[in-house]
Amino acid sequence: MNFIRILAPSALALACTVAAAQDARERGFIRKGMNEGEVMYRIGKPDHEAFVNDVKGKPEEKTWTYFPHSRDPQTLTIITLRAGVVTEIERKVSR
């Protein structure tokens, strides 16, 4: 049982690293209308999150930024979410 407790975190870290490498290629397949959970599942947590509009009684609006990755080099991806739904996707070439 102790062996599993020791080995499990290492296996999980390896799986996350492999998933992150694959997720970078998925950034180009994000579309308007997807929900926040689906985006998170497909490409993972953003590298940066900023709130555009966070006023009580109004839909929350935020941007998620994904920095360039070795599997998606030189491309900065910015996703705008409003009320948990993708409303805009911006992909910029950064050098």
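Residues numbered from 1 in each chain as written. Predicted model: local features only at pLDDT ≥ 70, side-chain atom pairs only at ≥ 80, totals over all residues. Heavy atoms only, no water.

J.: When you look at the confidence of the model for the chain in this model, what are you seeing that I'm missing?
T.: Detailed reading of the predicted model is not advised wherever pLDDT is low. Of all residues in the chain, 75% attain a pLDDT of 70 or more, and the chain-wide mean is 82. The weakest mean pLDDT in the chain belongs to helix H1 (residues 2-26) at 54; the strongest belongs to strand E2 (residues 61-66) at 96. Throughout residues 11-19 the model reports pLDDT below 50, and contacts reaching past four residues in sequence, or to other chains, amount to zero contacts. (pLDDT = per-residue confidence, 0-100. Helix = DSSP H or I, 4+ residues; strand = E, 2+ residues; numbered from the N terminus. Contact = heavy atoms within 4.5 Å.)

J.: Just checking my understanding: could you explain the sheet that holds strand E4 (residues 85-93) for this structure?
T.: Note: strands within a sheet are paired through backbone hydrogen bonds, in either parallel or antiparallel orientation. Taken in spatial order, the four strands line up as E1-E2-E3-E4 in an open sheet, and their pairing is antiparallel. Lying at the two open borders of the sheet, with one neighbouring strand each, are strand E1 (48-53) and E4. Sheet twist, expressed as the average angle between the axes of neighbouring strands with direction ignored, equals 20 degrees. Pairing between strand E3 (residues 75-82) and E4: eight bridges, direction antiparallel. Looking across to E4, one finds that Leu 81 is bridged to Val 86. Packing of helix H2 (residues 36-43) onto the sheet brings it into contact with E2, E3 and E4, and relative to E2 it is tilted by some 10 degrees. (Pairing = 2+ DSSP bridges. Axes fitted to C-alpha atoms, helices over the stretch in contact; angles between N-to-C directions.)

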